[in-house]
Each structure stands twice: as structure tokens, then as C-alpha cells.
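# Descriptive analysis of the structure
Here is what each chain is made of, one letter per residue.
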Amino acid sequence: MRIAKSAVAATLGVGVLLAVPAPLSARQSPAVNPSASADEWRAHGRDATEQRYSPLDRITRLNVGRLGVAWSWEIPRRGARLESTPLVADGVMYATGPMSTVFALDARTGEELWFWDPGIPDEEQGGPSVCCGDVNRGLAMHGDRVFAGLLDGRLVALNRHSGRVEWSVQTTPAGRDYSITGAPRVLGDRVVIGNAGAEYGVRGYVTAYDGDDGEQLWRTYTVPGNPADGFESEAMRAAAETWTGEWWKVGGGGTVWDAMAYDAELDLLYIGTGNGSPWSRDHRSPGGGDNLYLSSIVALDGRTGEYRWHYQTTPGDDWDYTATQPLMLLDLEIAGRERRVIVQAPKNGFFYVIDRVTGEFLSGQAFADEVTWATHIAETGRPVEAPGARYGRTGGAWLSPGPTGAHNWPPMAWNPGTGLVYLPAKNNNFYYEMTEGLDYVPGQWNTGTVFGSAGGERPERPEVAGSPTMLVAWDPAESREVWRFPTRCDNGGALSTGGGLVFWGTGDRLVAFDAWTGDELWSADVGRGTASPVTYAVDGVQYVTVLAGRAVTGERPDADVPTVWTFALDVGA
Ligand code: CA
């Protein structure tokens, strides 16, 4: 269906819907925010487990065909693309738009309550350098505040009732190479934020601040600095033994630009770390080595930020294979034993299940059709690299996946009834070729690799198996695919509901699938560049919201308008 852009405030069947109370999830993890009601969406991944499962079940497989537009609201700022997950609390929706804008809307009507533009200039006007667009993935919330990480490296606390800035801290050094696109997370009254910039050449870290006043509580680096300056911790000293040469000159990389999850009972914060700066290990660490803690899931003490354990998905990363892809905490029965696990499908194409208490590797299975850099993950948890994957030694190689990854930023969702993770995945390849030398230039990409035809003659691009993009329903306990929905567009995040539905932005449509079978049950054309949908209820009415509409700046009159779309049963067209 093509939907009208005007808000439709139709009468809703409130009386009937109120008769069905929302059941609580049968599987309430200890990490769930206890104050969050089933009707709300108070954290980036709905709760600290990042499962993106809402128990709301008023919209079902039987009635989802009756969804229509309850309201829509055009975001009054253009930019690159929408990747934001809205938060909903106390009948109000909070979200981020292009160029780190933040806004609040009435969750029932879409009426604007406030809109805040931090006024960050474009890159051409001296604004921050960003590898992949002026995007923002969302907010964190605690008490009367929402927290946003801004493109220019600030972390701000806004009063969520007025939109007034209550405090603001610069979390990155001066200069243009760091940026922030990810959502902050809250651990009790602490706010944690990472950063981005590993293509330019930076050193990754996460920082925790006091949510009340922005006072810095701790900062933990993900890769070692120059040993001559001394190490911040024993973990950095140990990591330095896995590096060679003068890696610190280009920063090393390992930025935490997106994924975090938190287990409140263990007080463990899990972070996903990014690729190396530069990409090519032969430039970065010419004597080899695993280069800890690049491309890793790292568990930190929530109170102190101290290192607890790590699992490295791609030792000695050579390929921009970040492990910053969304993390999720699950309690699974695996081989007859209850396990508290953390799961991730990083760029490198393997779906990992790790014991989240100890960091023990449990399984790693390819979820993409095209994974050619490694043949499999050994029982030790270490990938078995394919011959020729280290392109610095062969002169160049076509490999899958490429730097865009077999999975990128779009969040996965979980359904405790089906036992499936719904994973937005991709198939792609890339020609990796190392530059002869590396002249580090601040403010520019410093990947140490040759892009495009600059490298001269190259072997013909091999066909890529499988569809370019797809939604994969994955059984993490059995490490196998159960169903898939193939697509061609770049896609967004997934949402899973107690009504047995999975909502997913395919790139230009918001689609509702049967969570068990993958059958498409409903869709709406919302414009290109779908972000991550959420669901919530106000006054007994269940809504589904997604931000969509590629927000192109400049001469594109036909470009979609960035819009917040909200759907409900029996309204609109
Ligand atoms: Ca990267």
C-alpha cells in the first residue's frame, strides 16, 4: 500500500482492545529495567538485553492486515539516512534525526512537543568527518532525562519534558577524526558512550558519566597506546603483546560505534569493538599478531570499566570486520544445559554464541551465503582462515564479505516463543589490496588499502551467492537458519512482538512477517532507508512506529521525506 502523508486521527476500537491485558514476557531477564511496563520502549534495545522483543499482542498474525497509518510526522532536518530507534515512555516518543537532531512527539497523535538541533555544521563547513553519513541510532533514558551522542563527539543530557540541555560534555579530543553515531546506554544512573572514526585513524574507547551531572566516572580503551607513555591497565599491557611495530601512530582503531548490552545481575557491560586503523594488518602491525581487542566482544565491570573477559571474532583484523554489530543477551538451553549467553552476528559472516558469564566460546556458524575469508570456526573459537585471505601477502584478493559486512548496524530481534533471532543480513564481496606504503594524513581515510581502479588490473569480480540482503530467522541454540526473506535493498532493523509478528524495514517497505514461518502478512511503502521499528501501547491501543525516508540533502526533489510513521489497527488507508 502507498500511504498518505497526512496524519490520520481516526477513532480507534479502544473498548475492544482494552479487554485484552498485555501479558508479561514469560522470560524476564534480570537485566530488564524493572520499572519498564509492557506498554513502553524505554531503552535502545527495549531493555538492556537488547532483545527487541515486546510482549504486546494486540496486533496479531490474524489482524495485522488491518494496520493503517495512525499518524505521521515529517522530520524538519535533512541529512544522510535514518537509523534511529525511538524510545517511548509516559505517552511520549523520543527519537533522533539527521545531524544529531533530537525530538519528542505525543505518541498517540504525533504532535510535536519539542525539537532540538545542536547546529553541527556539515563536513564541508568544518563539521566532523564521518565515514558513513551523518546518522544517529538513538537515545538512552533515565529519570527525567534523555541522553544523546552527537556527531561532533558531545554527549548531552536533555530534560525530556522540555528539551532543555541540562548538561553537555565533549567525549572526544579536539579535531575532526572522531565522531559519534551510536546510542548511549544507561547502567543504573551511569551513562556510557563510545565513538567512531577508525577509517580516519583513531584509538577506540568507551566512557561512563554520571547521569545527573555529566561527571566522568571511568574511561576504558579498547587498544593499547604507545608503550612509552605507560599502560592504563593490565589489560592494555596484555593487549600490547599482540601488536607489533608502531601501531599507535595511526591510533590502532577498535572503536565502539554501536553495540552494547548490559547484564545488571552480573554488572557486566558488553561492548563490541571495531576494525583496525588502518585496515591492513601488514601496515598496522607488520610483525603480525591478533591485535587485541580489535573486532571483539569485551566484557567490562559496569562500576569501574575494568576488563573482565573478551572474545575476538576476527583475530588480526585485515578486512574492516568490525564486531560492533548489535549484541543480544539470551538465556538458552544448549545441549541440555541452561546457558546465559551473548550472541552476535558481526560483519565477518559468522553467528556467535558466547557464555556471557565467562566469555567461553560455544558456537560460531556462517549465516551468510558468501563467507570466503575463513572456512569455519574451529572448536577453540578461532577462525580457520582461507588461503590467500591475507591480501597483503598475495597482492590482492576478492573476498566475502566486504567491508560493508554480512551484517551491519541494523538491530536483530528475538522471540522467546519461536526461539529465533531475526537477523538483517547481506551477501557481498570486495577486492582487498594493500597500498605500497602508508602516509598517515589526519582528517582523511587511512585504511592502507587501494580503492577502485586505482590498483589497475584486477581479476574479474566473482558472482556473489545468495541475495544481496535478507532477513534470516536463526536458531541460536542449534546454530541453523530456519527461514529467510530475500531482498535487494539496503535494510533496517527488526522488531519482534508477542503477537507472533516480526516487523522489518526491507529498505523501502515496512513488512510484517509471521514469526514462525516468515510468511509476509502486511506491508506499507514508507520510503527508502527504513530505520528500526518499535511497538508500544497508549490507552490500550498498540502502535508500531518506524522512521523512514532517505533524507538526501540538496538537489533531489524526488527524494523521500524523512518521516516518523506510526501504524495502528483500523485507522487510515
Ligand atoms: Ca569500519
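Residues numbered from 1 in each chain as written. Predicted model: local features only at pLDDT ≥ 70, side-chain atom pairs only at ≥ 80, totals over all residues. Heavy atoms only, no water.

## Quick look at the nonpolar core
Definition in use: Remark: nonpolar core denotes a set of buried residues (Ala, Val, Leu, Ile, Met, Phe, Trp, Tyr, Cys) joined through side-chain atoms within 4.5 Å. Burial classification: accessible surface area is computed with a 1.4 Å probe over protein chains only, and a residue below 20% of its type maximum counts as buried, one above 50% as exposed, and the rest as partly exposed. Segments assigned H or I by DSSP are reported as helices when at least four residues long, segments assigned E as strands when at least two residues long, and all are numbered from the N terminus.
If you look at the biggest cluster of nonpolar residues, it comprises 59 residues, and the most contacted ones within it are Tyr 94, Phe 503, Trp 522, Val 564 and Phe 567. With 6 residues, the top contributor of residues to this core is strand β38 (residues 541-548). Residues Ala 261, Ile 297, Leu 327 and Met 328 belong to the second largest nonpolar core, which totals 48 residues.

## Quick look at unusual backbone geometry
Looking along the chain, the bond that leaves Leu 292 and enters Tyr 293 is cis, with omega of 0°. Take Tyr 293: it is sitting in the loop between α3 (281-284) and β19 (296-301). Across the junction of Ser 400 and Pro 401, the peptide omega takes the value -10°, indicating a cis bond. Position of Pro 401 among the secondary structure elements: in the loop between β27 (397-399) and β28 (413-415). For Asp 90, which is not glycine, the phi torsion reads 55° and is therefore positive. Assignment of secondary structure puts Asp 90 in the loop between β3 (87-89) and β4 (92-96). Its identity as a non-glycine residue notwithstanding, Ser 295 has a phi of 45°, on the positive side. Inspection of the secondary structure puts Ser 295 in the loop between α3 and β19.

## So, the confidence of the model for the chain
Stated formally: The pLDDT value tells you how sure the predictor is about a given residue, anywhere from 0 up to 100. Only heavy atoms matter for contacts: two residues are in contact if any of them lie within 4.5 Å across the pair.
In the predicted model, the chain carries a mean pLDDT of 91, and the fraction of residues at 70 or more is 91%. Ignoring residues within four places in sequence, the model shows residues 1-35, a span with pLDDT below 50, making 69 contacts including any to other chains.

## Quick look at the coordination of the calcium ion
For the record, the criterion: Donor atoms are limited to N, O and S found within 2.8 Å of the metal ion, a distance that becomes 3.2 Å for Na, K and Ca. With water left out, some sites might look partial.
Protein-derived coordination of the calcium ion comes from Glu 199 (OE), Glu 199 (OE), Asn 275 (OD1), Asp 320 (OD) and Asp 320 (OD), at a distance range of 2.3 to 3.2 Å. All donor residues of the calcium ion come from one chain, and their arrangement in sequence is E-x75-N-x44-D. Highlighted residues: Asn 275 in the loop between β17 (268-272) and β18 (276-277) and Asp 320 in the loop between β20 (307-312) and β21 (327-334), separated in sequence by 45 residues. Judged by relative accessible area, which is 4%, Asp 320 ranks as buried.

## Topic: the sheet that holds strand β2 (residues 67-74)
We apply this condition: Note on pairing: DSSP must find at least two bridges between two strands before they are called paired. Note on method: axes are straight lines fitted to C-alpha atoms, helices fitted across the in-contact stretch only, with angles between N-to-C directions ranging 0 to 180 degrees.
Within the open sheet, the 4 strands sit side by side as β2-β39-β38-β37. Their pairing is antiparallel. What marks the edges here is a single partner per strand, and that holds for β2 and β37 (534-538). When the angles between neighbouring strand axes are averaged without regard to direction, this sheet yields 30°.

## Concerning the sheet that holds strand β35 (residues 509-514)
One open sheet accounts for 5 strands, arranged β1-β33-β34-β35-β36; its pairing is mixed. The strands lining the two open edges of the sheet, one partner per strand, are β1 (53-54) and β36 (520-525). The pairing of strand β34 (residues 501-505) with β35 spans 5 bridges and is antiparallel. Across the sheet, the residue bridging to Trp 504 is Val 511, located in β35.

## Things to note about the state of the cysteines
Cut-off, in case you're wondering: Disulfides are defined as pairs of cysteine sulfur atoms found within 2.5 Å of each other.
In the structure shown here, the tally under the stated rule is 1 disulfide. Between Cys 131 and Cys 132 runs a disulfide, and the two sulfur atoms are separated by 2.1 Å. Here Cys 131 and Cys 132 share a disulfide; its torsion about the S-S bond, -105°, makes the bridge left-handed. Not part of a disulfide, Cys 489 finds its nearest cysteine sulfur in Cys 132, a span of 19 Å. Residue class for Cys 489 comes out partly exposed when judged on its relative accessible area of 31%.

## Topic: the pattern of salt bridges
Condition: Counted as salt bridges are all cases of a side-chain nitrogen of Lys or Arg within 4 Å of a carboxyl oxygen of Asp or Glu.
The tally for this structure, following the rule as stated, stands at 36 salt bridges. Between Glu 520 and Arg 509 there is a salt bridge, and its shortest N-O distance comes to 2.8 Å. Of the two residues, Glu 520 sits in strand β36 while Arg 509 sits in strand β35, which places them 11 residues apart along the sequence. Classification of Glu 520 by relative accessible area gives partly exposed; the value is 35%.

## Describing the pairing of strand β12 (residues 190-193)
Residues of β12 alternate between two faces, with Arg 190 and Val 192 on one and Val 191 and Ile 193 on the opposite face, all of them buried. Taking the residues between adjacent antiparallel strands as the criterion, strand β11 (residues 185-187) and β12 are bridged by 2 residues, where Gly 188 takes a positive phi near 65°. Strand direction decides the pairing type here: β12 and strand β13 (residues 205-210), joined by 4 bridges, are antiparallel. Within β13, the residue paired with Arg 190 across the bridge is Asp 210.

## Observations concerning the layout of surface pockets
What counts, and what does not: The rule is simple: put a 1 Å grid over the protein atoms alone, call a set of points where a 1.4 Å probe fits but cannot get out a cavity, call an open set with protein on both sides within 12 Å along at least five of seven lines a pocket, and count a residue as lining if it has an atom within 4 Å of a point. Grid points are joined across faces, edges and corners, and a volume is the space filled by probe spheres set on the points. Gly is put with the polar residues, along with every residue not named as nonpolar or charged; the nonpolar set is Ala, Val, Leu, Ile, Met, Phe, Trp, Tyr, Cys and Pro, and the charged set is Asp, Glu, Lys and Arg.
Reported here for the largest pocket is a volume of approximately 550 Å³. Contributing to the lining of the largest pocket are 30 residues, with Arg 81, Cys 131, Cys 132, Trp 257 and Asn 408 lying nearest its centre. Grouping the amino acids of the lining of the largest pocket by side-chain chemistry returns 14 nonpolar, 8 polar and 8 charged.

## Some points on the packing of aromatic side chains
We apply this condition: The criterion for an aromatic pair is that two Phe, Tyr or Trp rings (for Trp, the six-membered ring) have centres within 6.5 Å, with stacked assigned to planes under 30 degrees apart, edge-to-face to planes over 60 apart and tilted to the rest. Two limits define a charge over a ring: the Lys NZ or Arg CZ must be within 6 Å of the ring centre, and within 35 degrees of the ring normal.
Counted by the stated rule, this structure contains 34 aromatic pairs. Aromatic side chains Trp 279 and Phe 451 sit 5.6 Å apart centroid to centroid with 55° between the ring planes, which places their arrangement in the tilted category. Linking Trp 279 in the loop between β18 and α3 with Phe 451 in the loop between β30 (430-432) and β31 (469-475), this pair joins segments that are 172 residues apart in sequence. Judged by relative accessible area, Trp 279 falls into the buried class, the value being 2%. Residue classification places Phe 451 among the partly exposed positions, given a relative accessible area of 36%. By way of ring pairs, the aromatic residues Tyr 311, Trp 319, Tyr 321, Phe 350, Tyr 352, Phe 361 and Trp 373 are connected into one cluster. Just above the ring of Tyr 221 sits the side chain of Arg 203; from NZ or CZ to the centre is 3.8 Å.

## Some thoughts on empty space enclosed by the protein
Using the criterion set out here, one finds 4 cavities of 30 Å³ or more in the structure. Within this model, the second largest cavity holds a volume of roughly 80 Å³. Lining the second largest cavity are His 44, Glu 50, Arg 52, Arg 185, Asp 258, Ala 259, Pro 326, Leu 327, Met 328, Trp 409, Pro 411 and Met 412. For the lining of the second largest cavity, the residue count by class is 7 nonpolar, 1 polar and 4 charged.

## Focus on the side chain of Asn 275
This is how it is decided: Under the rule applied, a polar contact is a pair of N or O atoms within 3.5 Å (in protein, one hydrogen donor and one hydrogen acceptor; residues adjacent in sequence only if both atoms are side-chain atoms).
The class of Asn 275 is buried, set by a relative accessible area of 1%. For Asn 275, the side chain forms a polar contact with the side chain of Glu 199, separated by 3.3 Å. A polar contact of 3.5 Å, which involves the side chain of Asn 275, links it to the side chain of Asp 320. Apart from residues lying up to four places away in sequence, Asn 275 is in contact with Ala 198, Glu 199, Gly 252, Gly 253, Gly 254, Leu 294, Ser 295, Asp 317, Asp 320, Tyr 321 and Thr 322.

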